[in-house]
Amino acid sequence: MSKFQEAVDYILPKLTEKPTIGLVLGSGLGVLADEIENPTVIPYGEIPGFTASTVVGHKGQLVIGKLQGKQVVAMQGRFHFYEGHDLSDVVFPIRIMKFLGVETIIVTNAAGGINESYRPGDLMLIQDHINMTGRNPLIGPNDDTLGTRFPDMSEAYSKNLRELAKGVAAEQGIHLREGIYVGLLGPSYETPAEIRMLRMLGGDAVGMSTVPEVIVAKHMQLQVLGISCISNMAAGILEQPLSHEEVMETTEKVKAQFLALVQGILAKL
Ligand code: HPA
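Residues numbered from 1 in each chain as written. Predicted model: local features only at pLDDT ≥ 70, side-chain atom pairs only at ≥ 80, totals over all residues. Heavy atoms only, no water.

Student: Would you mind going over the nonpolar core in detail, with residue names and values included?
Tutor: Ranked by internal contacts, the top residues of the largest apolar core, which has 46 residues, are Ile 11, Phe 50, Leu 62, Ile 94, Ile 96, Met 97 and Ile 105. Listing elements by their share of this core, those giving two or more residues are helix H1 (3–11), strand S3 (61–67), strand S4 (70–76), helix H2 (87–100), strand S5 (104–113), strand S6 (123–131), helix H5 (211–219) and strand S9 (223–233). At eight residues, H2 tops the list of elements feeding residues into this core. Residues Leu 29, Ala 165, Leu 259 and Val 262 belong to the second largest nonpolar core, which totals 30 residues. (Core = buried A, V, L, I, M, F, W, Y, C linked by side-chain atoms within 4.5 Å. Buried < 20%, exposed > 50% of the residue type's maximum accessible area, 1.4 Å probe, protein only. Helix = DSSP H or I, 4+ residues; strand = E, 2+ residues; numbered from the N terminus.)

Student: Can you break down the layout of surface pockets residue by residue, with the values?
Tutor: Within this model, the largest pocket holds a volume of roughly 330 Å³. Contributing to the lining of the largest pocket are 24 residues, with Ser 27, Ala 110, Tyr 189, Met 208 and Val 247 lying nearest its centre. For the lining of the largest pocket, the secondary structure elements donating two or more residues are S5, strand S8 (205–207), S9 and helix H6 (244–268). For the lining of the largest pocket, the element with the highest residue contribution is S5, accounting for four residues. If you add up the space inside the second largest pocket, you get close to 260 Å³. (1 Å grid on protein atoms, 1.4 Å probe; cavity = no way out; pocket = protein on both sides within 12 Å on 5 of 7 lines; lining within 4 Å. Points joined across faces, edges and corners; volume = space filled by probe spheres on them.)

Student: Give a detailed account of empty space enclosed by the protein, specifying residues and quantitative values.
Tutor: Tallied over the full model, the rule gives three cavities of 30 Å³ or more. What lines the largest cavity is a set of 15 residues, among which Phe 81, Thr 133, Leu 184, Met 208 and Pro 212 lie closest to the centre. Elements with a contribution of two residues or more to the lining of the largest cavity: H2 and H5. Here the lining of the largest cavity takes three residues from H5, the largest share from any one element. Split into classes, the residues belonging to the lining of the largest cavity amount to ten nonpolar, three polar and two charged. (Nonpolar A, V, L, I, M, F, W, Y, C, P; charged D, E, K, R; others polar.)

Written as structure tokens, this is what we have:
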């Protein structure tokens, strides 16, 4: 039996209905999973093939149930490459989501604002990403049953879903930004020189997640919507050091807006 099948066989019998939407909840954004009705909660450590998340602010469990009338599976906490996991472990939950029946995923993260017109607390729709990790989760033999050897990335973040999200934001009076997410390995934050370089390359926000998950999602032909919470201005923009505490504080402040936006989007999916 494949390692994917083992995980799916563990999860599926616990569910009354298969999820169609996957939510990947980033630093400080896991609260969305607390809104899920009649949740089935499965700690990652219980699921065959899953590793455990180590970052503060990441709980480390799957929460499955109804949100806005949709059957969702939420990752409350994700895996990062900088934690020392293999990339195949980082993307394993995305593979499992597909096997569970998911067709669309909403990925969220906390990110530093590179674009100087952004402010901490802004929400940004990810229009596209730049993979600056130097890694790719698809390296190695391709499993043709999962997807093609050379997946197309020309519309990694679904245009339709972005239009839908913009409509919901407008209705809710949220000033939603749209920009390019640059994914780096971390865990050190960037230097001011690196941020200037990333700005010249076309980046609007920078973070340490999302890119591997989205590559694997596209490999399996999932539709992707990405939302960044600009938790801080990137290094060198303001006269202050960066800290994970600031990231957590800002995500706490925009929590209500973030919840409303994602729930509004789910209602229309
Ligand atoms: N840089 C990288 N990752 C981040 C940042 C940042 O400034 N803020 C939140 N995640």
